[in-house]
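Residue-level listing of the chains:
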Amino acid sequence: MSVPLKLSIDLNVNGVDYPVTIDSGRNLVSVIRTEIGLTGTKEGCDDCECGACMVLLDGQPVNSCSYLAVQAQGRAITTVEGVMNGAEMHPLQRNLLDAGGVQCGFCTPGMIMSATALLSRNPTPTDEEIRIGLSGNLCRCTGYVKIVEAVARTAAG
Amino acid sequence: MSFAIATTLDEALAALAAGARPIAGGSDLVVAARHGKSPLPESIVAIHALSELAEITSSADGLRIGALVTHATLMEHPLIASAYSGLADASALVGSPSTRNVGTLGGNVMNASPAMDTGAPLAVLGASAELRSSTGRRTVSLADLWVGPGRTSAAADELCVALLLPARPANSGSAYVRLEYRRAMEIAVVGAGASVVLDADGAIQSVAVALTAVAPTIMTVDGLDGLVGGRAIDDETLGAVAEAAAAQATPISDVRASDKYRRHCVGVMARRALEAAARRAAGETISIPVNRAYGIGAAR
């Protein structure tokens, strides 16, 4: 049942099947960025600490720097490119801009993925629940207050 | 080098017998490899798709928690939150939401870190690990399983398939607390789990306390039934337990804390864990995790 080092698999990202041929040890973020070419997902610490690489796997947030790409086959991967509604920004993206929750922007895609997962599970989170939902995402610019505010605004509609 | 995704347990066990190492969520294995601590194993069998290992089943004997049950599931499972609260407290403190989504209880136990949060509550709840190989099945107490930092007594071809937790007696409660410098993505500076059974008068019928990050493995405090059995939960009793915990700990100094600080604080954590466990045993509901309910650890 063993298979060779190089694996040819399909990865479903944002509803599209992408055929890729990759080493079995490749992490998901590198495959999404360099094989599939979706560069919205960022690589920060590469150590499962900062959350810049956050994607959704079957709707749940996962650090894609520390997840083997081959383990994501057969599952629905969602990246920040997948949250837009056509050409229209997701309300959370609009609210992040309006609230001043984006400064350098490097953490933003990961924040959006964690926040969308939170809001789909809990559409009316308290500030404390928002902070717990975002607790795997580091931001070194904003001080978090405006990001929390943007998520709260999105929840309030 | 080889990689396969097992679709049945037998397939996974055959791969282990042939020398493969298992991967579930990868939150220890892949992080260690990316970090350069230890490369990925040459041969890997992914077990994440074995849904029969992701079940929680309850019987008269107690609870059987499949090895693939995630921390995210454990912290919100109604039966665990109510009857095995200490395990829910610990699961809620692990990493971040994403860590808890991929991190599994079996992986946590077999990674055998002395700083693992779920270890102390599992120990005080009397858990044992069910190990399977292509040639058999055995059940091992956690005290026999954990033999050193990152080391277990399991053979290379054995897979942890479940944790077995005995049924909880009436008037019992458990809790886990940890000293932390930040609220997420934290490794316990020290921690303590406690389980207590109270008699009709509210006195201690039996008690267990286990400690996190103060010894080469999760360690259980010896002699507590003799020390405080039959006594009420009061300042003197809690103080005696704190003193015993601190005295028996063998902490090291490292980047997170000095040995002296750890020894002092693990006593404080033991005291608080037992107090919370006793309040739960008396019927009080303390929200999960106790760290947040008590305001222990990092302020926001």
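Residue numbers here run from 1 along each chain, matching the order of that chain's written sequence. The lettering of chains begins at A and the numbering of ligands begins at 1, in the order of writing. Confidence filtering applies because this is a predicted model: local features only for residues at pLDDT of at least 70, side-chain atom pairs given and counted only at 80 or more, and all residues used for totals across whole chains, interfaces and linings.

> So what exactly am I meant to see when it comes to the overall build of chain A here?
Only DSSP runs of H or I covering at least 4 residues are called helices, and only runs of E covering at least 2 are called strands; the numbering of each starts at the N terminus. Counting secondary structure elements, chain A contains five helices and five strands. The C-alpha radius of gyration of chain A comes to 16 Å, within 12% of the 15 Å expected for a compact globule of 157 residues. When its C-alpha atoms are laid out on the principal axes, chain A stretches across 50 × 30 × 25 Å. Counting other C-beta atoms within 10 Å of a residue's C-beta gives its exposure: the residue is buried at 20 or more, exposed at 12 or fewer, and partly exposed in between, where C-beta atoms are placed from the backbone. Here chain A holds 157 residues, and 46% of them are scored as buried. A residue pair is marked as a contact if its C-beta atoms, positioned from the backbone, fall within 7 Å. Of all intrachain contacts in chain A linking residues separated by at least 6 positions in sequence, the fraction that spans at least 24 positions is 57%. For a compact globule the rule gives 2.2 Å times the number of residues to the power 0.38, and the radius of gyration it is set against comes from C-alpha atoms.

> In this structure, what is going on with the overall build of chain B? I would like to understand it.
On a plain count of helices and strands, chain B comes out with 13 helices and 14 strands. Relative to the compact-globule value of 19 Å for 300 residues, chain B shows a C-alpha radius of gyration of 19 Å, a close match. Principal axes of the C-alpha set define a box for chain B whose edges measure 60 × 45 × 35 Å.

> Which parts of the structure should I look at to understand the pairing of strand S11 (residues 172–179) of chain B?
For a regular strand, the rule is simple: side chains alternate between the two faces of the sheet. Residue and element names in this part refer to chain B. Counting buried positions along S11 gives eight out of eight residues, so the element sits mostly inside the fold. Paired strands are those between which DSSP finds at least two bridges. Where S11 meets strand S12 (residues 190–198), eight bridges bridge the pair, whose relative direction is antiparallel. The residue of S12 that forms the bridge with glycine 173 is valine 196.

> I'm lost on the interface of chain A and chain B in this one. Help?
Note on interface size: it is often stated as the accessible area lost on association of the parts. In this assembly, 28 residues from chain A lie in contact with 27 residues from chain B. Put simply, the parts of the chain that give the side of chain A that touches chain B at least two residues each are strand S4 (60–63) and helix H4 (127–133) of chain A. No other element matches S4 of chain A, which puts four residues into the side of chain A that touches chain B.

> Help me out: how do you make sense of unusual backbone geometry in this one?
A negative phi angle is the norm for most residues apart from glycine, just as the trans form is the norm for most peptide bonds. A cis amide bond links isoleucine 288 of chain B with the next residue in sequence, proline 289 of chain B, at an omega value of 0 degrees. Locating proline 289 of chain B in the fold gives a position in the loop between helix H12 (259–281) and helix H13 (290–294). Phi is positive for tyrosine 144 of chain A, which is not a glycine, with a value near 75 degrees. Inspection of the secondary structure assignment puts tyrosine 144 of chain A in the loop between H4 and helix H5 (145–156). You can call tyrosine 144 of chain A partly exposed: it has 18 C-beta atoms within 10 Å. Backbone geometry at alanine 112 of chain B places phi at a positive 55 degrees, although glycine is not the residue there. Mapping alanine 112 of chain B onto the fold places it in the loop between helix H7 (105–111) and helix H8 (119–124). The class of alanine 112 of chain B is buried, set by 23 C-beta atoms lying within 10 Å.

> What exactly am I supposed to notice about the packing of helix H2 (residues 91–99) of chain A against helix H3 (residues 108–121) of chain A here?
Each pair of packed helices can be described by the angle between their axes along with the distance between the axes. Residues and elements named next belong to chain A. Lines are fitted to the C-alpha atoms to define the axes, a helix being fitted only along its stretch in contact, and any angle between axes, read from their N-to-C directions, falls within 0 to 180 degrees. Interaxial distance between H2 and H3 falls to 10 Å at its minimum, and their mutual angle equals 130 degrees. Between H2 and H3, the angle falls in the class oblique. As H2 packs across H3, the resulting crossing turns out to be right-handed. The residues of H3 that touch H2, namely those facing Leu92, Gln93 and Leu96, are Thr108, Ile112, Ala115 and Thr116. Angles below 35 degrees are treated as roughly parallel, those above 145 as roughly antiparallel, those between 65 and 115 as roughly perpendicular, and all remaining angles as oblique. Working rule for handedness: look at the near helix, and if it is turned counterclockwise from the far one by less than a right angle, call the crossing left-handed; if clockwise, right-handed.

> Sorry, what's going on with the environment of alanine 276 of chain B here?
Residue and element names in this part refer to chain B. Along the chain, alanine 276 turns up in helix H12. The class of alanine 276 is buried, set by 28 C-beta atoms lying within 10 Å. Sequence-wise, alanine 276 and alanine 194 are 82 residues apart; in three dimensions their C-alpha atoms are separated by 8.4 Å. Dropping the residues within four chain positions of it, alanine 276 is found in contact with Ala175, Val177, Ile286 and Val290.

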